[in-house]
Amino acid sequence: MANLLASYNTLSASSPRQDVSRALDAITGTLIIDDTSRKALVTALLSDLQSCRPGSTSGRLHHTDAQLALSAVKFLGRHPSGSSVIASASNLSALFSVSKSFKDNNIDASLEALRCIANALLLVETARATVISEAVNGGEYATLLLEKSSSPDVIFIASRILFLATASLATAGSFIASIVEQKPSGRVLSLVDTIALRLESLMTALLAGTKMAREAMIDLLKFTFNILTHYPKLVDCEKITEVGASDDGPKVMGEYWSDRLDGLLPPLLRAFNSLPPSSPSPLGPPINHVVHALLAIPFIKGLQAAWFPSPPASRRGSPTSGPGSPITQNNNLTTESSRETSRPPGAFDRAMSMLSAGRRSLSRSSSPVPSHTPPNHDTLLRTYDLLEIALSHYFPSNIEADDSTLRTAARAESDSTLDELLAPLMMLLLKLVTGDSGSRDRVREWLLPANLDRSTALEGRADTLGRLLRLLTSVYHSRLNSISGELLYTLCNHDATNLISQVGYGNVAGFLFNKGIVTGPPTSDAGPSTDASGAEINPITGAVQEPRVEIEMTEEEREREAERLFTLFDRLERSGAMPPEANPVRHAIQRSFAS
């Protein structure tokens with residue numbers, strides 16, 4: 001489209017502004033532009049924009065043409081050939097300069113320049129390292145914007161640039177360390193305090209229905225996740241778990257933690273407990289990004305008060321809390337973290353103070369809120385309720401977990417698989433019950449109460465327990481299969497015998513075998529277990545034992561059935577699926593010899 005370039009190049013400072021507008025509109029209205037013309041147009045527009053400043057009329061582009069010209073650059077930059085021109089250090093610097101010059105006089109033009117940069121970072125991977133280089137220093141400017149502006153539009157584009165710029169630890173490591181640890185000229189708050197403040201303001205804006213608040217929160221959470229996962233790998237910090245690589249290997253997410261990031265937990269928990277479920281998917285953005293960020297923060301003693309402020313709220317539909325209730329027992333938490341000592345006041349305390357101050361400024365009440373008071377939320381209850389909502393949405397009624405209609409319905413709502421959608425939330429619940437015995441007691445009471453109705457097969461129930469048990473046999477949802485088993489196993493205090501007595505050997509035999517725990521169903525020597533009403537429980541199904549109906553068989557039929565059972569159990573024993581001491585046929589033979 002050489003005519004587009006020619007039409008633009010014929011313009012001058014004295015050209016009527018209508019002619020300039022028509023030329024720029026023609027660019028954005030053309031669907032097909034060859035790469036050569038596209039690159040030439042981007043180069044020409046950026047060259048003219050560098051001399052275009054508020055009040056300027058001496059160049060081809062006057063200050064009134066800036067937004068339209070930047071829209072043309074953004075349009076041309078949506079193709080990699082156009083973005084490759086924008087991605088150079090000189091052109092990125094020029095766009096940042098244009099954005100700065102118009103931020104007080106024409107915010108739309110200022111933001112349009114930043115959108116051009118964000119598009120280039122998305123399409124040209126090398127631009128992500130260029131934008132945070134000393135030659136451009138765009139990352140520092142985006143961080144400053146994040147601190148100074150509470151506008152969702154500004155927060156969105158600044159967060160988008162920072163998210164893309166920090167995507168790779170290899171190229172952004174030194175930049176991430178510098179923005180977390182230092183406050184360059186112009187910045188008053190640390191990065192952690194800035195993110196905490198913006199999450200708080202965006203939460204209020206989102207709940208009020210403010211335009212762009214949701215989009216801004218999504219990208220801010222993505223940037224926050226990058227910081228949470230990358231920064232602990234960059235600095236010397238305390239090792240908190242043994243998962244992942246060996247001591248001399250690379251650091252992995254969750255293996256190390258820095259207390260510089262403690263202040264991110266309170267605003268993330270406030271968002272997690274305040275955001276309503278999305279629609280149509282209950283785990284759509286931004287709640288899923290909050291879950292991802294929380295998974296990167298360890299459950300350690302120094303953060304215990306934030307994870308579980310006491311007393312927790314009573315669960316809907318649960319019995320009234322009493323002295324022995326797991327709900328009230330959670331007031332005195334027992335952490336099982338490997339870290340035994342709490343840290344002195346730091347980023348966490350500053351974040352709590354900022355959150356309280358932010359709520360005071362937004363509240364109509366004149367009564368002060370103490371700065372040390374944690375937000376009143378019950379993260380465990382919120383996690384469990386969200387999981388119930390999500391499981392009932394994606395696995396309605398008592399349908400089998402691998403039913404093809406479920407995967408079809410999920411694809412219609414999201415590009416993600418059910419594993420990708422549900423596994424992070426289930427992992428968050430697993431994380432909480434693993435680290436805290438009080439939480440384990442509460443969830444066990446909700447999921448496996450003493451008065452559980454066992455009159456029907458547990459795996460056929462149309463509730464959370466039934467769905468978890470059906471996921472244990474799923475082939476298509478391998479991550480949910482594994483996490484469901486780990487969750488139930490943890491709720492039973494990592495005791496295979498307890499797990500079998502709670503849900504039946506048949507439901508968990510495969511999980512235990514894959515875990516390397518080779519055991520069989522409870523033997524008759526242990527005596528029958530009973531439910532709260534005294535009814536005998538079938539050790540295989542976990543449900544109440546149905547009255548046995550005598551089957552009329554001839555002696556010959558009995559012998560054939562005995563031979564079939566003997567062969568079956570012998571195969572199980574030889575394959576390693578059943579230890580010899582759990583083989584009922586072997587027990588029967590031994591008893592006959594003993595008598």
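Quick look at the structure, then. (Residues numbered from 1 in each chain as written. Predicted model: local features only at pLDDT ≥ 70, side-chain atom pairs only at ≥ 80, totals over all residues. Heavy atoms only, no water.)

### Brief notes about the overall build of the protein chain
Okay, so step 1: Looking only at helices and strands, one finds 28 helices and four strands in the protein chain.
Okay, so step 2: Looking at the protein chain as a whole, 49% of its 595 residues are labelled buried.
Okay, so step 3: Put simply, of all contacts in the protein chain between residues at least 6 apart along the chain, 69% involve residues at least 24 apart. (Helix = DSSP H or I, 4+ residues; strand = E, 2+ residues; numbered from the N terminus. Buried < 20%, exposed > 50% of the residue type's maximum accessible area, 1.4 Å probe, protein only. Contact = heavy atoms within 4.5 Å.)

### A look at empty space enclosed by the protein
Okay, so step 1: For the structure on display, the rule yields two cavities of 30 Å³ or more.
Okay, so step 2: If you add up the space inside the largest cavity, you get close to 40 Å³.
Okay, so step 3: Looking at the largest cavity, the residues that line it are Leu283, Asn288, Val291, His292, Leu421, Pro424 and Leu425.
Okay, so step 4: For the lining of the largest cavity, the elements supplying multiple residues, two or more each, are α15 (287-295) and α21 (418-435).
Okay, so step 5: Of the residues that constitute the lining of the largest cavity, the class distribution is five nonpolar, two polar and no charged. (1 Å grid on protein atoms, 1.4 Å probe; cavity = no way out; pocket = protein on both sides within 12 Å on 5 of 7 lines; lining within 4 Å. Points joined across faces, edges and corners; volume = space filled by probe spheres on them. Nonpolar A, V, L, I, M, F, W, Y, C, P; charged D, E, K, R; others polar.)

### Focus: helix α4 (residues 66-76)
Okay, so step 1: Burial within α4 is extensive, with eight of its 11 residues counted as buried.
Okay, so step 2: Of the surrounding secondary structure, the elements contacted by the buried residues of α4 are α2 (17-28), α3 (35-50), α5 (80-86), α6 (89-102) and α7 (107-123).

### Quick notes on the nonpolar core
Buried together is how nonpolar side chains tend to be arranged in soluble globular proteins.
Okay, so step 1: By size, the foremost hydrophobic cluster in this structure holds 158 residues, and its most contacted members are Trp307 and Phe395.
Okay, so step 2: Among residues more than four places away in sequence, those in contact with tryptophan 307 are Leu265, Leu269, Leu294, Ile297, Pro298, Phe299, Thr379, Leu428, Lys431 and Leu432. (Core = buried A, V, L, I, M, F, W, Y, C linked by side-chain atoms within 4.5 Å.)

### Focus on the pattern of salt bridges
Okay, so step 1: Under the counting rule described, the total for this entry stands at 17 salt bridges.
Okay, so step 2: When the shortest N-O distance is used, the salt bridge between arginine 115 and glutamate 112 registers 2.6 Å. Taken together, the residues span about one helical turn, with arginine 115 and glutamate 112 both in helix α7 at a distance of three residues.
Okay, so step 3: When the shortest N-O distance is used, the salt bridge between glutamate 147 and lysine 148 registers 3.6 Å.
Okay, so step 4: A relative accessible area of 8% means that glutamate 147 is categorised as buried.
Okay, so step 5: For lysine 148, a relative accessible area of 52% translates into the label exposed. (Salt bridge = Lys/Arg side-chain N within 4 Å of Asp/Glu carboxyl O.)

### A few points about the packing of α6 against α7
Each pair of packed helices can be summarised by the angle the axes make with each other and by the distance between the axes.
Okay, so step 1: Between α6 and α7, the shortest axis-to-axis distance is 7 Å and the interhelical angle comes to 160°. Between α6 and α7, the angle is such that the two are roughly antiparallel. Considering how the two elements wind past one another, α6 and α7 form a crossing that is left-handed. Contact with α6, carried on its side by Leu92, Leu95, Phe96, Val98, Ser99 and Phe102, involves Ile107, Ala109, Ser110, Ala113, Leu114, Cys116 and Ile117 of α7 and no other residues of that element.
Okay, so step 2: In terms of residue class, the contact of α6 with α7 is made up of 11 nonpolar, two polar and no charged. (Axes fitted to C-alpha atoms, helices over the stretch in contact; angles between N-to-C directions. Parallel < 35°, antiparallel > 145°, perpendicular 65-115°, else oblique. Left-handed = near helix turned anticlockwise from the far one by under 90°.)

### Quick word on the packing of α3 against α4
Okay, so step 1: Running from N to C, α3 and α4 cross one another at 150°; their axes reach a closest spacing of 10 Å. Relative to α4, α3 is oriented roughly antiparallel. Once α3 is placed against α4, the crossing between them reads as left-handed. For the pair α3 and α4, contact is made by Arg38, Leu41, Val42, Leu45, Leu46 and Leu49 and by Ala66, Ala69, Leu70, Ala72, Val73, Phe75 and Leu76, respectively.
Okay, so step 2: When its residues are assigned to classes, the contact of α3 with α4 shows 12 nonpolar, no polar and one charged.

### Considering the packing of aromatic side chains
Okay, so step 1: Evaluation of the coordinates by the stated rule reveals five aromatic pairs.
Okay, so step 2: Here the aromatic rings of phenylalanine 96 and tyrosine 141 are separated by 6.0 Å at their centres, their planes lie at 85°, and the arrangement is edge-to-face. One end of the pair, phenylalanine 96, is in helix α6; the other, tyrosine 141, is in helix α9 (residues 138-148), with 45 residues separating them in the sequence.
Okay, so step 3: When its relative accessible area of 3% is taken as the criterion, phenylalanine 96 is described as buried.
Okay, so step 4: Each ring, one from phenylalanine 299 and one from tryptophan 307, has its centre 6.2 Å from the other, and the planes form 50°; the classification is tilted.
Okay, so step 5: Exposure remark for phenylalanine 299: the relative accessible area of 9% places this residue in the buried category. (Phe/Tyr/Trp six-rings, centres within 6.5 Å; stacked < 30°, edge-to-face > 60°.)

### A short note on unusual backbone geometry
Okay, so step 1: Look at the link from serine 279 to proline 280: it is a cis peptide, with omega at 0°.
Okay, so step 2: Residue proline 286 follows proline 285 across a cis peptide bond; omega there is 5°.
Okay, so step 3: Looking at the secondary structure, you find proline 286 in the loop between α14 (265-274) and α15.
Okay, so step 4: A positive phi angle, near 70°, is found at methionine 212, a position not held by glycine.
Okay, so step 5: The topology assignment puts methionine 212 in the loop between α12 (191-207) and α13 (213-234).

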